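# Overview (structure and organization)
Read off the chains here:
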Amino acid sequence: MRCKDFEKKVLDFIDDKTNILEKEKIEQHIEECEKCRNLYMDFIFILNMSKKIELPKLSEDYWKSSIKSIFEEKNSIKFLKVAYVAVSFFILFSITLFLMKSNIYFSKENVLINKLDLLNHELPFSEEEIIDNVDYMKEEEIENVLELVFESF
Amino acid sequence: MNERENFEDCYIKLANKIYGVAYKMVNNHQDALDIVQEVFLRAYKNWNNFKGLSKISTYLYRIAVNLSYDFLRKKNKLRKVENIGFENWSNLVSSVKFEDCIKDEEIIEEIKKEIDNLTEKQKVIFILKTYEELTYEEIASILRKRVGTIKATYFQSLQKLRENLKKKGVMKNEM
């Protein structure tokens, strides 16, 4: 066996995942090659020592009690979601209400009233009067009023 | 068994394992506990999508590894800021020579430090293989990499630990 082949197989050999034939070849190579023997021994040393690193000990009781906080956090997230939806809905509703109120000026009825107001004026209107009256209207409403004004001539 | 009981059962079985991975990755008890909490919180949110415990454990390991990566990256950023002006500190540490006869505890402490010095990828593979005793296939599935890559990286991590421990005099210098 060549050293390169040994390096490829050494991890499986450590895990005892090699077949009998490979195992024999590897064992033979370890006996013959000092460099590979050192590599193998060092790996084993590192792995054995690494496994001695201790974790802080946590009992099953600890985990049983700590699970509550996960459920609580999940519930608080649920509550936050509901609150978020409710607040969003309220804001949306308020905005809609506000827009509806402010749009009263531009409703069909009001446009008609504005048109009548214009017609009740002495004709022809001056340019300034028209501009003053249409200042707060939407583009299409302006067009409607202007149409009406021109019709009245 | 309802959803909550099922989750509780899984939590009791796997929390300690996830804690083990997180602790070895971040090297701090409280941070590891925070990671465990976050891992299971995320899992609980998606609990209905899981089928079979083995898939759950793969998923949990994956989140734990990713959260540990995130944590280490943030910590390294902080460390970089804190260490401005102390670039030679690591050289100073590595130049310390050890006595021939050092105690197991000291060796373990040095190995711990060297595991910390592995790259993120090497570290997580070393931890999952050595401590969790997962197979290369399981690790490949957790990290979404090829088995060959996992094996090669594990070999590299052992080589790197060996070289660095020899440099520090923790192991005999025969290569």
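Residues numbered from 1 in each chain as written. Chains lettered and ligands numbered in written order. Predicted model: local features only at pLDDT ≥ 70, side-chain atom pairs only at ≥ 80, totals over all residues. Heavy atoms only, no water.

### Considering helix α3 (residues 34-50) of chain A
With 17 residues, α3(A) extends 24 Å between its outermost C-alpha atoms, agreeing within 8% with the 24 Å of an ideal straight helix rising 1.5 Å per residue. Considered for burial, the residues of α3(A) that qualify are Cys36(A), Asn38(A), Leu39(A), Tyr40(A), Asp42(A), Phe43(A), Ile46(A), Leu47(A), Met49(A) and Ser50(A). (Helix = DSSP H or I, 4+ residues; strand = E, 2+ residues; numbered from the N terminus. Expected span 1.5 Å × (residues − 1). Buried < 20%, exposed > 50% of the residue type's maximum accessible area, 1.4 Å probe, protein only.)

### Focus: the nonpolar core
One finds Val39(B), Phe40(B), Leu60(B), Phe126(B) and Leu128(B) to be the most contacted residues of the largest nonpolar core, which totals 77 residues. Look past the residues within four positions of Phe126(B) in its chain and what remains in contact with it is Leu47(A), Ser50(A), Ile115(B), Leu118(B), Tyr131(B), Tyr154(B), Ser157(B), Leu158(B) and Leu161(B). (Core = buried A, V, L, I, M, F, W, Y, C linked by side-chain atoms within 4.5 Å. Contact = heavy atoms within 4.5 Å.)

### Focus on a nonpolar patch on the surface
Residues and elements named next belong to chain A. A grouping of Val-87, Phe-90, Ile-91, Ile-95, Phe-98 and Leu-99 is seen on the molecular surface, where their side chains present a nonpolar patch of about 630 Å² in accessible area. Topologically, Phe-98 is positioned in helix α4 (residues 60-102). What makes Phe-98 exposed here is its relative accessible area of 58%. (Patch = residues over 30% accessible without salt bridge, like charges linked within 9 Å, V, L, I, M, F, W, Y side chains within 5 Å. Areas by Shrake-Rupley, 256 points an atom, 1.4 Å probe, with all protein chains shown as cover. Salt bridge = Lys/Arg side-chain N within 4 Å of Asp/Glu carboxyl O.)

### A closer look at empty space enclosed by the protein
One pass over the full model with this rule turns up 1 cavity of 30 Å³ or more. Computed from the structure, the largest cavity encloses a volume of approximately 80 Å³. Lining the largest cavity are Ile53(A), Tyr23(B), Lys24(B), Asn27(B), Lys112(B), Ile115(B), Asp116(B) and Tyr131(B). Taken together, the elements giving at least two residues each to the lining of the largest cavity come down to α1 (3-26) and α5 (104-116) of chain B. Counting residues per element, the lining of the largest cavity draws most heavily on α5(B), which supplies 3 residues. Mapping the lining of the largest cavity onto the domain boundaries places at least three of its residues in each of domain 1 (1-84) and domain 2 (91-175) of chain B. (1 Å grid on protein atoms, 1.4 Å probe; cavity = no way out; pocket = protein on both sides within 12 Å on 5 of 7 lines; lining within 4 Å. Points joined across faces, edges and corners; volume = space filled by probe spheres on them. Domains from an automatic or database assignment.)

### Some details on unusual backbone geometry
With the exception of glycine, the majority of residues adopt a negative phi angle, and the majority of peptide bonds are in the trans configuration. Residue and element names in this part refer to chain B. Even without glycine at this site, Glu-133 takes up a positive phi of about 55 degrees. The residue Arg-144 is not glycine, and still its phi comes out positive at about 55 degrees. Inspection of the secondary structure puts Arg-144 in the loop between α7 (136-143) and α8 (147-167). By relative accessible area, which is 64% here, Arg-144 ends up exposed.

### Overview of the interface of chain A and chain B
Tallying the contact residues gives 34 residues for chain A and 43 residues for chain B. Roughly 3800 Å² is buried in total at the junction of chain A and chain B, and carbon and sulfur atoms are behind 72% of that figure. The largest share of the area that chain A buries against chain B comes from Ile53(A), Trp63(A) and Phe71(A), three residues that together contribute 18% of it. Where chain A meets chain B, there are 5 salt bridges. In this structure, the salt-bridge partner of Lys129(B) is Asp15(A), at a minimum N-O distance of 2.9 Å. There are 6 residue pairs in polar contact (both at pLDDT 80 or more) connecting chain A and chain B. Mapped by element, the contributors of at least two residues to the side of chain A that touches chain B are α1 (3-14), α3 and α4 of chain A. Examining the composition of the side of chain A that touches chain B, we find that 12 residues originate from one element, α4(A), more than from any other. (Buried area = accessible area lost by both parts, 1.4 Å probe. Polar contact = N/O pair within 3.5 Å; in protein donor to acceptor, adjacent residues only side chain to side chain.)

### Overview of the packing of aromatic side chains
Counting across every chain of the model gives 13 aromatic pairs over all chains. Taking the centre distance of 6.1 Å and the plane angle of 75 degrees together, the rings of Phe7(B) and Phe40(B) count as edge-to-face. Of this pair, Phe7(B) sits in helix α1 while Phe40(B) sits in helix α2 (residues 29-45), and the two are 33 residues apart along the sequence. Both residues of the pair, Phe7(B) and Phe40(B), count as buried. Feature note: the residues Tyr62(A), Trp63(A), Phe7(B), Tyr11(B), Tyr19(B), Tyr23(B), Phe40(B) and Tyr44(B) constitute an aromatic cluster, connected by ring pairs. The ring of Tyr136(B) has Lys129(B) sitting right over it, with the charged end atom 4.9 Å from the ring centre. (Phe/Tyr/Trp six-rings, centres within 6.5 Å; stacked < 30°, edge-to-face > 60°. Lys NZ or Arg CZ within 6 Å of the ring centre and 35° of its normal.)

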